[in-house]
Amino acid sequence: MDLLHPDPSRGEEIQQAMIRQGVLSGEPTGTWDSSTKSAMRQYQSENGFPETGLPDAKSLMKLGLGPHPLPLD
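None of these values were measured; they are calculated from a predicted model.

When helices and strands are counted, the chain shows 3 helices and 0 strands. Burial status across the chain gives 34% buried among its 73 residues. The contacts in the chain between residues at least 6 apart in sequence include a share of 28% that link residues at least 24 apart. When the accessible surface of the chain is summed, it comes to about 4,500 Å², and 52% of that surface belongs to carbon and sulfur atoms.

Within soluble globular proteins, side chains that are nonpolar tend to cluster in buried spots. Residues I14, A17, M18, V23, L24, W32, A39, M40, Y43, L60, L63 and L65 constitute the largest nonpolar core, which totals 12 residues. If you list the elements that add at least two residues to this core, you get α1 (8-21) and α2 (34-46). Non-local contacts of I14, meaning those with residues more than four positions away in its chain, are made with W32, M40, P55, L60, L63 and L65.

Here the focus is the confidence of the model for the chain. With 84% of its residues at a pLDDT of at least 70, the chain reaches an overall mean of 88. Mean pLDDT values over the elements of the chain span from 92, in helix α3 (residues 57-62), up to 96, in α2.

A few words now on the side chain of Q15. Structurally, Q15 is set in helix α1. For Q15, the contacting residues outside a window of four places in its chain are L24, P28, T29, G30, T31 and T36.

At their nearest, the axes of α1 and α2 sit 11 Å apart, and the two run at 55° to each other. Our classification of the angle between α1 and α2 gives oblique. The interaxial crossing formed by α1 with α2 has left-handed handedness. Here α1 contributes I14, Q15, M18 and Q21 to the contact with α2, which in turn contributes T36, A39, M40 and Y43.

Thresholds, definitions, all that
Residues numbered from 1 in each chain as written. Predicted model: local features only at pLDDT ≥ 70, side-chain atom pairs only at ≥ 80, totals over all residues. Heavy atoms only, no water. Helix = DSSP H or I, 4+ residues; strand = E, 2+ residues; numbered from the N terminus. Buried < 20%, exposed > 50% of the residue type's maximum accessible area, 1.4 Å probe, protein only. Contact = heavy atoms within 4.5 Å. Areas by Shrake-Rupley, 256 points an atom, 1.4 Å probe, with all protein chains shown as cover. Core = buried A, V, L, I, M, F, W, Y, C linked by side-chain atoms within 4.5 Å. pLDDT = per-residue confidence, 0-100. Axes fitted to C-alpha atoms, helices over the stretch in contact; angles between N-to-C directions. Parallel < 35°, antiparallel > 145°, perpendicular 65-115°, else oblique. Left-handed = near helix turned anticlockwise from the far one by under 90°.

The structure is reproduced here in structure tokens:
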């Protein structure tokens, strides 16, 4: 996963967490689209983080997801 384009399963996991937090509505798609970026910026703002719209480690940890797993190879 890179921060600009998380893989779809990770993107869906992040979207589900943001839906639970009330900053994103609808169904998770796994696509890091404009509504997902906007929701991440809102979540980051509410938690005092820089508003990048990207799934950075601090935001993911606060969402209870931890940083992305490292590849096994």
